[in-house]
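In case you want the letters, here they are:
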Amino acid sequence: MLVIDEVYHHTALQISSSDLLYLIERLKVKKENEIETLKQKIEQFEQKRRAEEVAYQSLSPVRKWFAGRPASHHQAVEYMVQVKERFRKMEQIRRRIRDLDLIMGRIQLASHNRQEEIELSPETIREIRQLSETEDVQA
């Protein structure tokens with residue numbers, strides 16, 4: 001199967017449809033792992049915040065006054081920005097996984113119709129090339 005660049009309309013890859021489907025499935029797994037990593041980082045932030053709050057609550061009133069709050073306003077804002085950014089990245093990755101599902105459907109349809117060409121975005125082609133370098137697939 002020939003993979004045509006949607007933007008530049010030139011042949012970017014020549015690969016069998018089964019190998020192409022395999023690589024896209026691997027891309028989906030990689031993206032799902034990225035989501036899990038982001039979820040773990042958010043959970044680590046949450047655990048740190050809870051530990052700081054527990055330590056603060058265990059102090060006597062006088063020590064609380066001298067110690068101050070465990071997370072200043074600035075730290076709380078920074079924390080929320082980081083968490084919000086990670087949630088935004090997770091949503092982008094989920095959107096990319098949905099795109100990969102659509103691409104897999106297009107590839108299967110093209111294979112079924114004995115179509116020898118399929119157009120993919122430059123981003124998808126780049127990801128397939130990078131993944132094919134680490135996998136045992138010639139692209």
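See the structure above.
Since this is a predicted model, take the numbers as computed values, not measurements. (Residues numbered from 1 in each chain as written. Predicted model: local features only at pLDDT ≥ 70, side-chain atom pairs only at ≥ 80, totals over all residues. Heavy atoms only, no water.)

**Q** I'd love a proper account of the packing of helix 1 (residues 17-57) against helix 4 (residues 122-134), names of residues and values included.
**A** Put simply, helix 1 and helix 4 touch, their axes get as near as 10 Å, and they point 95° apart. Put simply, helix 1 runs roughly perpendicular to helix 4. The residues of helix 4 that touch helix 1, namely those facing Leu20, Leu23, Ile24, Arg26, Leu27 and Lys31, are Glu127, Ile128, Leu131 and Ser132. Here the residues of the contact of helix 1 with helix 4 sort into six nonpolar, one polar and three charged. (Axes fitted to C-alpha atoms, helices over the stretch in contact; angles between N-to-C directions. Helix = DSSP H or I, 4+ residues; strand = E, 2+ residues; numbered from the N terminus. Parallel < 35°, antiparallel > 145°, perpendicular 65-115°, else oblique. Contact = heavy atoms within 4.5 Å. Nonpolar A, V, L, I, M, F, W, Y, C, P; charged D, E, K, R; others polar.)

**Q** I'd like to hear about the sheet that holds strand 1 (residues 2-5), residue by residue, with values.
**A** Strand order in this open sheet of three strands is 2-1-3, and the pairing throughout is mixed. The two strands at the open ends of the sheet, each matched to only one other strand, are strand 2 (11-14) and strand 3 (117-120). Here the average twist between neighbouring strands, direction ignored, is 30°. Two elements, strand 1 and strand 3, share four bridges in a ladder whose sense is parallel. Within the sheet, the bridge partner assigned to Leu2 lies in strand 3 and is Glu117. Here helix 4 sits on the sheet in contact with strand 1, strand 2 and strand 3, set at roughly 35° to strand 2. (Pairing = 2+ DSSP bridges.)

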